[in-house]
Amino acid sequence: MKAKFGMLSVILLGINSIIGSGIFLLPGQAEKLIGPASILVFIFDMLLIISIALCYAEDATYFQENGGPYLYAKEAFGNFVGYEVGFSVWAISIIAWATMSNAFTTALGAIFPVLTQPLWKDLMILVLLGTLTLINISGITLTKLVNNVVTIAKLIPLLIFVGVGVFFINGAHFTPFVVTTGSFGGSFGSAAILIFYAFTGFEALAIAAQEFRNPQRTIPLAIIVVLAVVALLYILIQVVSIGVLGPQLATSSAPIQDGLERMIGPAGKTLVAVGTIVSILGIATAQSFYLPRIGASMADNGVMPKVVGYRNRQNVPAVAMLISFVIAYPLAISGTFQTLAAISVVSRFAQYIPTILAVLIFRRRKVQQGSHFRVPFGPVLPILAVLVSLWLLSKASVFQLVMGLGCLVIAMPFYWFLERGQRSTH
């Protein structure tokens, strides 16, 4: 029980799972699409993600097991839908982990140019992924310590940026409020998909339920606290970025870095550069913690080979962790993930929408355990969250939809193969 995550550690894990490279890079791209009205995009995405997260929070009160969205989809809609959701969650988690390791090495290469050489870059990625794999296999205690330290470290430059930045805001930078070359609706939708990426990751808390103390109570409260903290921080960062950089924000590839340099000089740029590296390392650490647990959960329920669910003496799904490493490394060194942000958002709705709808089914079929948290306003918020999610998906390009939802098609033959194998053994 001591090794399990307590409330504070769960909250830090949630923050670490969300705040990655996105918020360091996306404020400028949002400004470029729609101008200072990008603040409204952050608020829109905040309301959508909170409504989705509340559904996760209620779903979590019905289960003690690992699995999160896979488990919810399976219990609500059957094995096939559950398998499709679980496969996509695991696949996207591995891809995201690979991409973060690539981004970490790229950011480190700006400080140590030798790491820009292909051989050294690939070796650094191997060291990073290998180290995180070994940390996870060694047990929860070390993973928890590393997660807590890097989460606090990554928050420091962001809090300094907001705390100092409020004194450098220029009100003139907020007019005109809407700056766009196309229609407001089209630009707003494109910006919303892009910024939504920065809010994703909270679902990690539901995936690793067994690793937390009193998960039915801990997860709902932690999800609400985490999203409130992250949403407030993001909105403040966007306001300060616009207020300090003005039109320059739209052309900045590293807005927080540029903004803090303008406020306090070169030391600010160095602080954010280090903070960016720590932030990417932090989210890679969080991903390495929960991504094998989705594969192990599927194995425990018979929709992955049983060996995938094997746990070592430290009760860690070691085989699923090693599988994740073996797949992630070649993806990481291939360097083909420039469009991951939008693709990742599209793919995540394959788990979000079934999880939202599962709330309405569980209320009729299941009894809550340990907590009686419910999404407010009856069925209104879940239904509204689904409708807004579908609207957001309609704003994605065909390429983004095909790439983001392609894993659902890829998963089908694997499911049929496993089903056939199970039938032949009975």
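Just so we're clear, the structure is a prediction, and the values are computed from it rather than from any experiment.

Draft legend 1. Main features of the overall build of the protein. The helix and strand tally for the protein stands at 16 helices and 0 strands. Principal-axis analysis of the C-alpha atoms places the extent of the protein at approximately 70 × 50 × 40 Å. Counting over 426 residues, the protein shows a buried share of 58%. Roughly 17,100 Å² of accessible area belongs to the protein as shown, and the carbon and sulfur atoms make up 71% of that amount.

Draft legend 2. Representation of the nonpolar core. Ranked by internal contacts, the top residues of the largest apolar core, which has 132 residues, are Ile52 and Phe349. In terms of residues, this core owes the most to one element, helix H10 (residues 215-245), which gives 15 residues. Every residue in contact with isoleucine 52, bar those within four places of it in the chain, is listed here: Phe196, Phe202, Phe349, Tyr352, Ile356, Ala385 and Ser389.

Draft legend 3. Looking closely at the packing of aromatic side chains. Counting across every chain of the model gives 18 aromatic pairs. Aromatic side chains phenylalanine 202 and tyrosine 352 sit 5.8 Å apart centroid to centroid with 20 degrees between the ring planes, which places their arrangement in the stacked category. Taken together, the residues phenylalanine 202 in the loop between helix H8 (184-199) and helix H9 (204-207) and tyrosine 352 in helix H14 (residues 340-365) connect sequence positions 150 residues apart. The pair phenylalanine 202 / tyrosine 352 is uniform in exposure class, with both members buried. Here a set of aromatic residues connected by ring pairs shows up, and it is made of Tyr56, Tyr62, Phe63, Tyr72, Phe196, Phe202, Phe349, Tyr352 and Phe362.

Draft legend 4. Spotlight on the pattern of salt bridges. Considering all chains together, one arrives at 3 salt bridges under this definition. In this structure, lysine 74 engages glutamate 75 in a salt bridge whose closest nitrogen and oxygen atoms are separated by 3.3 Å. Linked through salt bridges whose partners overlap, the residues forming this network are Lys74, Glu75 and Lys366.

Draft legend 5. Representation of helix H4 (residues 69-77). Counting buried positions over the 9 residues of H4 gives 7, a clear majority of the element. Here H4 has its buried residues at Pro69, Tyr70, Leu71, Tyr72, Ala73, Lys74 and Ala76. At the C-terminal side of H4, glycine 78 shows a positive phi close to 100 degrees.

Draft legend 6. Local environment of the side chain of threonine 151. Secondary-structure assignment places threonine 151 in helix H7 (residues 140-165). Ignoring anything within four residues of it in the chain, the contact list for threonine 151 reads Leu12, Ile15 and Asn16.

Draft legend 7. Spotlight on unusual backbone geometry. A cis amide bond links threonine 175 to the next residue, proline 176, at an omega of -10 degrees. Positive phi, close to 70 degrees, is recorded for phenylalanine 377, a residue that is not glycine. Here phenylalanine 377 lies in the loop between H14 and helix H15 (380-394). Judged by its relative accessible area of 64%, phenylalanine 377 is exposed.

Draft legend 8. Region of the structure containing the packing of helix H6 (residues 118-137) against helix H12 (residues 266-300). In the contact formed by H6 and H12, the axes pass within 10 Å of each other and the chain directions differ by 55 degrees. Considering the angle they form, H6 stands oblique to H12. In this structure, H6 crosses over H12, and the sense of that crossing is right-handed. Listed contacts from H12 to Leu128, Leu132 and Asn136 of H6 are Leu281, Ala284, Thr285, Ser288, Phe289 and Arg293. Of the residues in the contact of H6 with H12, the class split is 5 nonpolar, 3 polar and 1 charged.

Draft legend 9. View of empty space enclosed by the protein. Counted by the stated rule, this structure contains 3 cavities of 30 Å³ or more. Together, 17 residues line the largest cavity, and Ser17, Ile18, Tyr197, Thr200 and Ile283 are the ones closest to its centre. For the lining of the largest cavity, the elements supplying multiple residues, two or more each, are helix H1 (7-18), helix H2 (22-34), helix H5 (79-109), H8 and H12. Here the lining of the largest cavity takes 3 residues from H12, the largest share from any one element. Its boundaries defined by the atoms lining it, the second largest cavity holds a volume of some 40 Å³. If you trace the second largest cavity, you find it lined by Val89, Ile92, Ser93, Glu203, Ile207, Tyr290, Arg348 and Gln351. Residue assignment for the lining of the second largest cavity shows that the elements contributing at least two residues are H5 and H14. Counting residues per element, the lining of the second largest cavity draws most heavily on H5, at 3 residues. Residue composition of the lining of the second largest cavity, by class: 4 nonpolar, 2 polar and 2 charged.

Reading the values: the criteria
- Residues numbered from 1 in each chain as written.
- Predicted model: local features only at pLDDT ≥ 70, side-chain atom pairs only at ≥ 80, totals over all residues.
- Heavy atoms only, no water.
- Helix = DSSP H or I, 4+ residues; strand = E, 2+ residues; numbered from the N terminus.
- Buried < 20%, exposed > 50% of the residue type's maximum accessible area, 1.4 Å probe, protein only.
- Areas by Shrake-Rupley, 256 points an atom, 1.4 Å probe, with all protein chains shown as cover.
- Core = buried A, V, L, I, M, F, W, Y, C linked by side-chain atoms within 4.5 Å.
- Contact = heavy atoms within 4.5 Å.
- Phe/Tyr/Trp six-rings, centres within 6.5 Å; stacked < 30°, edge-to-face > 60°.
- Salt bridge = Lys/Arg side-chain N within 4 Å of Asp/Glu carboxyl O.
- Axes fitted to C-alpha atoms, helices over the stretch in contact; angles between N-to-C directions.
- Parallel < 35°, antiparallel > 145°, perpendicular 65-115°, else oblique.
- Left-handed = near helix turned anticlockwise from the far one by under 90°.
- Nonpolar A, V, L, I, M, F, W, Y, C, P; charged D, E, K, R; others polar.
- 1 Å grid on protein atoms, 1.4 Å probe; cavity = no way out; pocket = protein on both sides within 12 Å on 5 of 7 lines; lining within 4 Å.
- Points joined across faces, edges and corners; volume = space filled by probe spheres on them.

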